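Structural description and commentary
Listed here are the chains, written in short residue letters.
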Amino acid sequence: GSPYLEDDPPNPVGVYGATKAEGERLVLAANPRSVVLRTAWLCSPHGSNFVRTMLRLAQEREELRVVADQHGAPTFADDLAEAAARLAPRLVAAPAGDASFGLFHLCGAPYTTWHGFAREILDQAARRGHPRPRLVPIATADYPTRARRPPDGRLDCTRIGLVHGIAPADWRLSLARCLDVLLGPAEGNAP
């Protein structure tokens, strides 16, 4: 019902989440001067991810059915890398036990659903001349997968802002940069 805080007990719904939670626990137990950045819905112009999948499917189909009852926030790899680079100098200088270390949430903002994310991908891609199929919202139950996903995967990113001065990036702007790489600039934004 509300975004997860870093202090909330993990409750993974599958093997993937359970192994991530165990990895976080082991890293933090092994070194008191470590930082774990917990993120979600990671995307970039490279590799396999939701953005690239939506673009591919938009070229192949006239209609896309996308889950509309799972909530979270897209995070772009370049925003995550920039935040990690901003953390580094402070972590080098901070003593063990400092609030700079530990678990932090960092994802994009604002929150959305997979359907909302898909709609923005398709809208921005259409402004670049990419096909715009019909987008249909569906329930998780209508799209069965082997991997279970939590219905509410929103992460509260307040702590990283208070401790490190890092605010979540607007994923819609990050998506535009990603699509500039994949498809070129939007009409009217060409140099």
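Provided above is the structure to which this section pertains.
From a predicted model like this one, the values you see are computed outputs, not experimental measurements.

A word on helix α6 (residues 171–183)
Here α6 is 13 residues long and its end C-alpha atoms lie 17 Å apart, about the 18 Å a rise of 1.5 Å per residue gives. Looking at the residues trailing α6, positive phi occurs at G184, about 95°.

A few points about the layout of surface pockets
Empty space within the largest pocket amounts to approximately 1,000 Å³. Around the largest pocket, the lining comprises 32 residues; the ones closest to its centre are Y16, G17, K20, T39 and P150. For the lining of the largest pocket, the elements supplying multiple residues, two or more each, are α1 (15–30) and β1 (35–38). Ranked by residues supplied to the lining of the largest pocket, first place goes to α1 with six residues.

Some words on unusual backbone geometry
Following A109, the chain continues to P110 via a peptide bond in cis, the omega torsion being 0°. Along the chain, P110 turns up in the loop between β6 (102–105) and β7 (112–113). A positive phi is found at W41, a non-glycine position, where the angle reads about 50°. Mapped onto the elements of the fold, W41 is located in the loop between β1 and β2 (42–43). Overall, the relative accessible area of 12% leaves W41 in the buried class.

So, how was this worked out
Residues numbered from 1 in each chain as written. Predicted model: local features only at pLDDT ≥ 70, side-chain atom pairs only at ≥ 80, totals over all residues. Heavy atoms only, no water. Helix = DSSP H or I, 4+ residues; strand = E, 2+ residues; numbered from the N terminus. Expected span 1.5 Å × (residues − 1). 1 Å grid on protein atoms, 1.4 Å probe; cavity = no way out; pocket = protein on both sides within 12 Å on 5 of 7 lines; lining within 4 Å. Points joined across faces, edges and corners; volume = space filled by probe spheres on them. Buried < 20%, exposed > 50% of the residue type's maximum accessible area, 1.4 Å probe, protein only.

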